[in-house]
Amino acid sequence: MSAILSADDLNDFITPGLACIKPDMITRNKNQNSKQETQDIEHENEYEIKVTDTGVFEISKDGSRKTLDQVNISLTDCLACSGCITSAEEILISNHSHKKLISDLEENKNNTNKKQFAVSISNQTRASLANSLNLSIYNIDLLLIDFFIDFLKFQYIVGTELARVISLYYSIQDIINKQHNTDNEKTKNSKGPLLSSICPGWVCYAEKTHPFILSQLSDIKSEQQIIGTILKNLVSSELNCAIDNVYHLSIMPCFDKKLEAARPEKFGQQDSKSGDNNNSKNNNNNQGRDVDVDCVITAKELIQLMIEMNYPVNEVIEKKFDNFYLKNYNLDEMNEIYLKYLPKKWPIDGIESWGNNFNGDSTSGNYSYIYLLYLQKKLKKEKNMNNTKIIKINGKNSDIYEYHLVNLDDNNNKLGSASVINGFKNIQNLIRKLKTNSSNSNSNGVIGNGSVKPKRMNGLVAKRRARELSKKRGNAGRNGRNGNDINGGVSGLLQVDPVSCDFVEVMACPSGCINGGGQINGSEQDKDKNSDKALKKNIEDSTLKYEDIEKIKKLDFIENDQAEAKMTEFIKMFCKQYKMEENRFLRTGFNEVVSNPDTIIFSKW
């Protein structure tokens, strides 16, 4: 959704309408109107709020125009509005921006009841910053610690790996429960793949344009929201302060993460009921709801923040790192540095919190590949299937591909499958197939788990693909875990068909989260010279930095059986200690945003 959204270019993939429709509460003097006039106002008080270069106007049904003070539209208004598919950046930055952070920091200096500031940083953001500043991952971590702890006086700084692993694990449990648990009455008759929901741009698009697929979205939260829940509660407990006094800043690769932070919780405290995104009446300024993330900024905005705060980046790099440049870094030494700024009851070591437990082709969490690794392990343990393999099937472009888990002892019979889809062109193709599949679910033959049998190519196409594959097999690609072939193999004659998969990892940005709209995409000179090549090179370099993040396996629930037990026990104890329902910790909700024909906005497509 936001791959081309930047501070310098106020455009979205789908341009918002020029007019924004928002219910406007007008306070009028009762003595000013007669009873009849008051009734007329109550029944006919419908206005179009139109924003132009010359001001903000209220336009009534009869065409009369009245100049208004500018309306402050919050992110929760955007989620409840059916006019735009995504919000313009002017709205996105109103509550979540580096300028808002600066304002909050200044305001906190004068408060008697001071807030405690904590920041979480995603791996994709670290990779983008390291690539942009030409630093190692560990150097960029030291720079971030220096900036937030020493310069801005934050109390805590954490990585997001713990939350990512939790999100991965429980997403996988839901996939298995839906696609492989035939005893589950709720899911055994459901058809089609489970769709990921960790990309807020994709979720917002689905809610406002294709609500028929909302029931297929996984309701497991993303790492941003999970880390916010953990961080704010642990800090609140440690400092013995109200949770509202803990300010959580999240640094993410995508502008759309601001929308996710503004989404009301489906499962609140004991007096809360199921969330309703369609009613933003009491949600402005985060009132009347739980807040896991107070502010979201991106890598681009972080650099701008450093500039505006007069932080001497080059001086810090040249002088402060002189004695600890980490060309031959000591892992234990780095772990001690990370530990200093974690809450005391953080459940894992510092290096684990900033590490990367899972490899794979996706830079958006590797949900699809890790699901099949877990299924492979499960089938081996429970059904003695020892001769299985994960193969990769490439699609028509690099932003769509599948993984199949096949049984080599049974003529490569497919045991499970998952797809990765990046970018809105591919998403729109997926939606068209899902529509067709929902209306003709039995036309292509439904297999055991309710999905559709994969299509095979016609003879000529199959022969051409076989020739292409034979040329490439001389340069065999890298293998995944346990000898899994993630570069083709026996799957070469199959077409990619995400609708037939158990799970689809969906991301709005081409190339996934490493190419999020908030990432740093090279210099302006590079863009002017050859934008496509420069962007591709920048994505490749950022991906290499992402892969440089230390591979820590203590949270790897595929290879480490104890990790699974420890993680589930931590969540149970956490929810018990903080009197929180497990659903509040793990799950979110989605709502169809119904368009009002009388107030629909006509957008440029």
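I will try to describe carefully the structure that is included in this document. (Residues numbered from 1 in each chain as written. Predicted model: local features only at pLDDT ≥ 70, side-chain atom pairs only at ≥ 80, totals over all residues. Heavy atoms only, no water.)

Re the sheet that holds strand β5 (residues 156-159)
- If you walk across this open sheet you meet the four strands as β5-β4-β7-β8, and the pairing is parallel. Single-partner strands in this sheet number two, and they are β5 and β8 (295-298). When strand polarity is set aside, the average angle formed by the axes of neighbouring strands in this sheet is 20°.
- Examined bridge by bridge, strand β4 (residues 116-121) and strand β7 (residues 246-252) share six bridges and lie parallel to one another. (Pairing = 2+ DSSP bridges. Helix = DSSP H or I, 4+ residues; strand = E, 2+ residues; numbered from the N terminus. Axes fitted to C-alpha atoms, helices over the stretch in contact; angles between N-to-C directions.)

Comments concerning the packing of helix α9 (residues 223-239) against helix α19 (residues 561-577)
- As a packed pair, α9 and α19 sit with axes 12 Å apart at the nearest point and diverge in direction by 50°. The angle between α9 and α19 places the two elements in the oblique class. At the point where α9 passes α19, the crossing takes the left-handed sense. Contacts between α9 and α19 involve Thr229, Ile230, Asn233, Leu234 and Ser237 on the former and, on the latter, Phe570, Phe574 and Gln577. (Parallel < 35°, antiparallel > 145°, perpendicular 65-115°, else oblique. Left-handed = near helix turned anticlockwise from the far one by under 90°. Contact = heavy atoms within 4.5 Å.)

Describing helix α4 (residues 98-109)
- Taking 1.5 Å of rise per residue, twelve residues should cover 16 Å, and α4 covers 17 Å from first to last C-alpha, within 8% of that figure.
- Of all the residues in α4, the buried ones are His98, Leu101, Ile102, Asp104, Leu105 and Asn108. Within α4, the buried residues cover an arc of 165° as seen down the axis, which keeps them to one side.
- Those residues of α4 hidden inside the fold are in contact with β4, β7, β8 and α11 (299-308). (Expected span 1.5 Å × (residues − 1). Buried < 20%, exposed > 50% of the residue type's maximum accessible area, 1.4 Å probe, protein only. Arc of directions from axis to C-beta.)

Side note on the side chain of Glu352
- Tracing the backbone through its elements, the reader meets Glu352 in helix α14 (residues 350-353).
- On the accessibility criterion, Glu352 (6% relative accessible area) is buried.
- When near neighbours in sequence (up to four residues on either side) are disregarded, Glu352 contacts Glu161, Ile552, Lys554 and Leu555.

A word on the pairing of β7
- β7 sits mainly inside the fold: seven of its seven residues count as buried.
- Burial along β7 is two-sided: the face carrying Val246, His248, Ser250 and Met252 and the face carrying Tyr247, Leu249 and Ile251 are both buried.
- Across four bridges, the pairing between β7 and β8 is parallel. Its bridge partner lying in β8, Ser250 is registered against Val296.

Quick word on helix α5 (residues 123-133)
- Within α5, nine of the eleven residues are buried, which leaves the element mostly enclosed by the surrounding structure.
- Buried residues of α5: Asn123, Gln124, Thr125, Arg126, Ala127, Ser128, Leu129, Ala130 and Asn131, and no others.
- Asn134 occupies a position one or two residues after α5 and carries a positive phi of about 55°.

Side note on the pattern of salt bridges
- Scanning the entire structure with this criterion turns up 17 salt bridges.
- Lys378 is paired through a salt bridge with Glu382; the nearest N and O atoms lie 2.9 Å apart. One end of the pair, Lys378, and the other, Glu382, are both in helix α15 (residues 367-383), four residues apart, so they sit about a helical turn from each other.
- Classification of Glu382 by relative accessible area gives exposed; the value is 52%.
- Overlapping salt bridges bring together Asp174, Asp219 and Arg587 as one network. (Salt bridge = Lys/Arg side-chain N within 4 Å of Asp/Glu carboxyl O.)

Take it as geometry only, folks, not as evidence of what the structure does.
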